Amino acid sequence: MKRVIGIGNALTDMLVNLNSDTVLDRFRLPKGSMSLVDTQLQTEISKSVAGLPYSLSLGGSAGNTIRAMARLGCQVGFIGKVGPDTTGDFFIRALDNLGIEPHVFRGTERSGKCVSLISPDGERTMVTHLGAALELSAAQLGPALFAGYDCLYVEGYLVQDHALIRGAVQTAKACGLQVAIDLASFNIVDENRDFLRALVAEHVDILFANEDEAKAFTGEAEPLNALQSISELCPLAVVKIGTRGALIKNGGEVVHVGIMAAAKPLPSAIPPAAITGMDTASTTCGTSVMVVACPICPPDSVPSATTASAPQRSIRFARATDATTGITLMSASFQRAIYFSGLPAPVVTAATPSSTTTWAISSAKGLKSMMLTPNGRSVSSFASRI
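Everything numeric in this text was worked out from a predicted model, so none of it was measured.

Parameters at a glance
- Every chain begins its residue count from 1, and numbering advances along the sequence as written.
- Since the coordinates come from a predicted model, pLDDT governs what is reported: local features require at least 70, and pairs of side-chain atoms require 80 or more to be given and counted, while whole-chain, interface and lining totals use all residues.
- Side-chain figures throughout are based on the complete set of non-hydrogen atoms in the structure, without hydrogens or water.
- Three labels apply to residues, based on accessible area from a 1.4 Å probe with only protein chains included: buried if under 20% of the type maximum, exposed if over 50%, partly exposed otherwise in between.
- To qualify as a helix, a DSSP run of H or I must reach at least 4 residues; to qualify as a strand, a run of E must reach at least 2; elements of each kind are numbered from the N terminus.
- Should DSSP find at least two bridges between two strands, the strands are regarded as paired.
- Contacts: residue pairs with any heavy atoms within 4.5 Å of one another.
- Throughout, an axis means a line fitted to C-alpha atoms (over the contacting stretch in the case of helices), and angles, computed between N-to-C directions, take values from 0 to 180 degrees.
- Should an angle lie under 35 degrees it is considered roughly parallel, over 145 roughly antiparallel, and from 65 to 115 roughly perpendicular; all remaining angles are considered oblique.
- Each crossing gets its hand from how the near helix is turned against the far one by less than a right angle, where anticlockwise is left-handed and clockwise is right-handed.
- Salt bridge criterion: a side-chain nitrogen from Lys or Arg within 4 Å of a carboxyl oxygen from Asp or Glu.
- By convention, a crossover is right-handed whenever its connection, traced from the first strand over the helix to the second and viewed with the strands pointing away, goes clockwise.
- Picture the helix axis, draw a direction to every C-beta atom, and the arc is the one those directions span.
- By nonpolar core we mean a set of buried residues, namely Ala, Val, Leu, Ile, Met, Phe, Trp, Tyr and Cys, connected to one another through side-chain atoms within 4.5 Å.
- The criterion for an aromatic pair is that two Phe, Tyr or Trp rings (for Trp, the six-membered ring) have centres within 6.5 Å, with stacked assigned to planes under 30 degrees apart, edge-to-face to planes over 60 apart and tilted to the rest.
- The span you would expect from a helix comes to 1.5 Å times its residue count less one.
- Between N or O atoms, a polar contact is any pair within 3.5 Å; within protein, one atom must be a potential hydrogen donor and the other a potential acceptor, and residues adjacent in sequence are included only when both atoms are from side chains.

A. Just the pairing of strand β1 (residues 4-7), in detail. Burial of β1 is two-sided: the residues V4 and G6 facing one way and the residues I5 and I7 facing the other way are all buried. Taken together, the four bridges between β1 and strand β9 (residues 151-155) define a ladder with parallel strand orientation. Following the sheet pairing, I7 is matched in β9 by V154. Sheet topology places β1 next to strand β5 (residues 76-82); four bridges connect them, and they run parallel. Note on β5: the bridge partner recorded for I7 is I79.

The structure is reproduced here in structure tokens:
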């Protein structure tokens, strides 16, 4: 198996569950955006949400990807810079606990932090102070850092320092590594489009982008056209298309990868619920999403009516380490599939003729997202991602 080393902004995530979007309006934060702010503004925003449920975790775009790869059993490392503070200690300790080889430098500024404001509908608005992460320089990235690795994974947010990102990929290529880059938010791609296109054409082997990022990078609104445009710059192009999965082009081959795996029976029973909730569908089309995030935050949201023209979301909060169940009322048969990403053969399917079906999720760390999609006279899918 190939060894992958990531480089990115070393950030600790503070995940805050909002009761409303009032704080976004107050600080003029575009919903769903990522804003770079100074430490004073970030502190002011943090104080404005004091008392709301929150949790801390290893963060940053590259950090999250490398963490996922570590859980899949890959041999991985991470390059970044933190401050001389307890937040920096937490970040390095988190890498060690996850089995990620830390190549982390200490800076003079306070450690970087991302305050992730989670709206009631599940949308995240990120307020980031990079702090010591900005002190990482190309001069610190000697060939020894890349010894024993096969691929460098670069987060697109590093584009705020052109010299750093260029130096990283040039050194990695000189050491014989492949280079993969995951584009940042569409607004950052817009601001650095010419630089990014030149970088990709000269040094990048694999590029990841979501639909908005791909559009900003290529000017193509249609994902398939954007995929083609990206593939003209690098050998392997990936465009993520949300719940529809991803489009991949490698050479002349184009593949569409869905989000669900093959079915396999559940091996054991599920313990009692940490929370319960109910969704009802008023029509036979549409989508309803229930999200479970830590820490506990009662009460449940009200049941949501789902229609084809106006999909609604219901939010549930509970401890991420507890088991969770819910009850779904449907007018027809119900088919379910539970998908735990990162585990082998992880899917469960079951069918029932009853109008009331109970579903459950086993205990696991991390966020749990459950999606129920009515279609025709039956429910076509129900997914849980961890």
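B. The environment of Q178, seen in detail. Here Q178 lies in strand β10 (residues 178-182). Sequence-distant contacts of Q178, that is, excluding residues within four places in its chain, are made with D150, C151, L152 and D205.

C. Up close: the packing of helix α8 (residues 211-218) against helix α9 (residues 223-231). Closest axis-to-axis distance for the α8/α9 pair is 9 Å, and the angle between their directions is 55°. It follows from the interaxial angle that α8 and α9 lie oblique. Seen from above, α8 lies across α9 with left-handed handedness. Here α8 contributes E211, A214, F217 and T218 to the contact with α9, which in turn contributes P223, A226, S229 and I230.

D. Quick peek at the pattern of salt bridges. Within the structure shown, the criterion is met by seven salt bridges. Residues R3 and E101 are paired through a salt bridge, measuring 3.2 Å at the closest nitrogen-oxygen approach. Taken together, the residues span a long stretch of sequence, with R3 in the segment before β1 and E101 in strand β6 (residues 101-106) at a distance of 98 residues. On the basis of relative accessibility, which here comes to 34%, the residue E101 falls in the partly exposed class. Because the salt bridges share partners, they merge into one network encompassing D21, K31 and D121.

E. Focus on the side chain of S231. By the secondary structure assignment, S231 is in helix α9. Not counting chain neighbours up to four residues away, the residues in contact with S231 comprise A237 and K249.

F. Up close: the sheet that holds strand β2 (residues 11-17). Strand order across the open sheet formed by five strands is β3-β8-β7-β2-β4, with mixed pairing between neighbours. Only two strands of the sheet have a single partner each, and these edge strands are β3 (34-36) and β4 (54-58). Between one strand axis and the next, the sheet turns through 20° on average, direction left out of account. On the sheet, helix α4 (residues 86-97) packs against β2, β4 and β7 (112-118) and is oriented at approximately 60° with respect to β4.

G. Quick look at the sheet that holds β1. In space, the nine strands of this open sheet follow the order β6-β5-β1-β9-β10-β11-β12-β13-β14, with mixed pairing throughout. The outermost strands of the open sheet, each flanked by one partner alone, are β6 and β14 (253-257). This sheet shows a mean twist of 15° between the axes of neighbouring strands, independent of strand direction. Where β5 lies against β6, six bridges are found, and the strand directions are parallel.

H. Fine view of the pairing of β5. Burial of β5 is extensive: seven of the seven residues sit out of reach of the surface. What you see with β5 is no split at all: V76, F78, G80 and V82 on one side and G77, I79 and K81 on the other are buried throughout. In this region the chain leaves β5, passes through α4 and returns to the parallel neighbour β6; the handedness of that crossover is right-handed.

I. Representation of helix α7 (residues 193-203). Turning to α7, its buried residues are F195, L196, L199, V200 and H203. What you see down the axis of α7 is that its buried residues fit within an arc of 130°, all on one side. Facing away from the buried side of α7, by more than 90 degrees, are the exposed residues D194 and E202. Check the buried side of α7 and you find it contacts α5 (162-174), β10, α6 (186-191), β11 (206-210) and α8.

J. Structural detail: the nonpolar core. By size, the foremost hydrophobic cluster in this structure holds 44 residues, and its most contacted members are I7, L152, V154, I181 and L207. When residues in this core are grouped by element, the largest group, five residues, is from α5. When neighbours within four sequence positions are excluded, L152 is seen to be in contact with I5, I7, F146, A168, V169, A172, L177, Q178, V179 and A180. In this structure, M69, I92, A94 and Y153 belong to the second largest nonpolar core, which totals 21 residues.

K. Local environment of the packing of aromatic side chains. Per the stated rule, a full pass over the model turns up two aromatic pairs. An angle of 55° between the planes, with centres 5.6 Å apart, marks the rings of F78 and F91 as tilted. You can see F78 sitting in strand β5 and its partner F91 sitting in helix α4, a full 13 residues away along the chain. Across the pair, F91 and F78 agree in class, each one buried.

L. Highlighting α5. The end-to-end C-alpha separation of α5 is 18 Å, in line with the 18 Å expected for 13 residues at 1.5 Å each. What α5 keeps buried is the set L164, I165, G167, A168, V169, T171 and A172. Residues of α5 that are buried make contact with β1, β9, β10 and α7. G176 lies just past α5 and shows a positive phi near 90°.

M. Here's a closer look at the environment of E135. Tracing the sequence through the fold places E135 in the loop between β8 (124-129) and β9. Of the residues examined, E135 reaches a relative accessible area of 24% and is grouped as partly exposed. For the pair E135 and K81, spaced 54 residues apart in the sequence, the C-alpha separation amounts to 7.0 Å. Ignoring anything within four residues of it in the chain, the contact list for E135 reads K81, G107, T108, E109 and Q140. Of note is the side chain of E135, whose polar atom sits 2.9 Å from the backbone nitrogen of T108.

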